[in-house]
Amino acid sequence: MEYQIIKVFNNNVVLASQEQDQVILVSKGIGFGKKIGDTIQENTNIEKVFHELSPDAERLDLKGMNAFNLKIKTLTHKIIQIAEENLGPLNENSEKMLKEHIEFAIERLGMGLTIENPFTREIITLYKKEFEIAGIARKYIEETIGIDIGEEEQGFIALHLRSARKNKSVNEIMRMTRVYKDCLQVVEQELKVDINIEERVKEEFLKMLRFYIEQGSKDVEMKLKKEVGKQLKPTYKVAQLIGKYLEKECHITLGEGLIAYMAVDIQKLISLQTI
């Protein structure tokens, strides 16, 4: 079975027919590049289907929808201006990408659909400036549209701003954020600690880890690295596991010196939990 497009409202919402029924289909990007008469397969990843539309459904309030889109465009432009004042130049496509994200987020939230952000705590720590600007965006959206997008969506906007700032795709930024979270879990599982309950330790760990990742495939001299391996066996083993993980996921090869320094840093951070 398939749907045939009657009208494209925007990139994320289309009016379509299936046999004798007319429905509204909602999903990110479902209307992008589509035109009247195009088809969408029923097994496509569609987030929401609204059935039982009247024959007048194709005459939905386009004026109201255009006004809504104008509001989103205006507040997005304002957010990007503030972001560039505080973060520096952003990718040239940043405004378009952020507008589409905010538009889709509001549509979803307005229908009671939420997407869990599994990296919110990591985003707050790793991308603090971006999260603060996303907080301003959250406030503007609530004042303009009347919807509080919440902390998790604020985190997603921060990822978009980080993406625009570093000129990397949102998927790449999310992937690296997952890497940080995975490394944190390695420490917790191997050393039987719960860093998540101690925010200051978690923040220091993530900052420390970012330093090592940013070093890339290089090494530094560590005269006591053999001694560290003997005296700090558990944390040295964890540092080695993280090194192997980074090599697999990020193609970064940390030398023995950096592994030893990381072991010392992990030991210090674990010790902070008892203070």
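Residues numbered from 1 in each chain as written. Predicted model: local features only at pLDDT ≥ 70, side-chain atom pairs only at ≥ 80, totals over all residues. Heavy atoms only, no water.

Colleague: Would you mind going over the overall build of the protein chain with me for this structure?
Modeller: Along its length, the protein chain carries 10 helices and 5 strands. Principal-axis analysis of the C-alpha atoms gives the protein chain an extent of 80 × 45 × 35 Å. Taken across its 275 residues, the protein chain has 44% of its residues classed as buried. Taking as baseline every contact in the protein chain between residues at least 6 positions apart, the subset at least 24 positions apart corresponds to 68%. For the protein chain, the exposed surface amounts to about 15100 Å²; the carbon and sulfur share of it is 50%. Computing the positive centroid from 40 side-chain charges and the negative centroid from 44, the protein chain places the two 6 Å apart. (Helix = DSSP H or I, 4+ residues; strand = E, 2+ residues; numbered from the N terminus. Buried < 20%, exposed > 50% of the residue type's maximum accessible area, 1.4 Å probe, protein only. Contact = heavy atoms within 4.5 Å. Areas by Shrake-Rupley, 256 points an atom, 1.4 Å probe, with all protein chains shown as cover. Lys, Arg positive; Asp, Glu negative; His and termini not counted. Charge placed at Lys NZ, Arg CZ, Asp CG, Glu CD.)

Colleague: How do you make sense of the confidence of the model for the protein chain when you look at a structure like this?
Modeller: Low-pLDDT portions of the prediction should not be read for the details of their coordinates. On average, the protein chain scores 86 in pLDDT, and the residues at 70 or more come to 92%. Here residues 53–60 is modelled with pLDDT under 50, and outside its nearest four sequence neighbours on either side it reaches 14 contacts, counting other chains as well. (pLDDT = per-residue confidence, 0-100.)

Colleague: Mind showing me how you'd approach the side chain of threonine 177 here?
Modeller: As for its placement among the helices and strands, threonine 177 is situated in helix H6 (residues 170–191). Only 2.7 Å separates the side chain of threonine 177 from the backbone oxygen of isoleucine 173, close enough to count as a polar contact. Those residues in contact with threonine 177 that sit more than four places away from it in its chain are Phe119, Glu122, Ile123, Tyr127 and Leu159. (Polar contact = N/O pair within 3.5 Å; in protein donor to acceptor, adjacent residues only side chain to side chain.)

Colleague: Would you take a moment to explain helix H9 (residues 233–250) for this structure?
Modeller: Residues lying three or four places apart along an α-helix face the same way, a consequence of the helix completing one turn every 3.6 residues. Across its 18 residues, H9 extends 25 Å between first and last C-alpha, which sits within 8% of the 26 Å expected from 1.5 Å per residue. Those residues of H9 that fall on the buried side of the exposure criterion are Thr235, Tyr236, Val238, Ala239, Ile242, Gly243, Tyr245, Leu246 and Cys250. Against the buried residues of H9 lie H6, helix H7 (199–215), helix H8 (225–231) and helix H10 (256–272). Directly after H9, the chain includes histidine 251, whose backbone phi takes a positive value near 55°. (Expected span 1.5 Å × (residues − 1).)

Colleague: Could you clarify how one ought to interpret the packing of helix H5 (residues 150–166) against H6 in this entry?
Modeller: Packed helices, taken two at a time, are described by the angle between their axes plus the distance between the axes. Between H5 and H6, the least distance of the axes is 8 Å, while the angle of their chain directions is 110°. The orientation of H5 relative to H6 falls into the category roughly perpendicular. H5 and H6 meet at a crossing whose hand is right-handed. Packed against H5, whose contacting residues are Phe156, Leu159, His160, Arg162 and Ser163, the element H6 presents Val170, Ile173, Met174 and Thr177 at the interface. Partitioned by chemical class, the residues of the contact of H5 with H6 number 5 nonpolar, 3 polar and 1 charged. (Axes fitted to C-alpha atoms, helices over the stretch in contact; angles between N-to-C directions. Parallel < 35°, antiparallel > 145°, perpendicular 65-115°, else oblique. Left-handed = near helix turned anticlockwise from the far one by under 90°. Nonpolar A, V, L, I, M, F, W, Y, C, P; charged D, E, K, R; others polar.)

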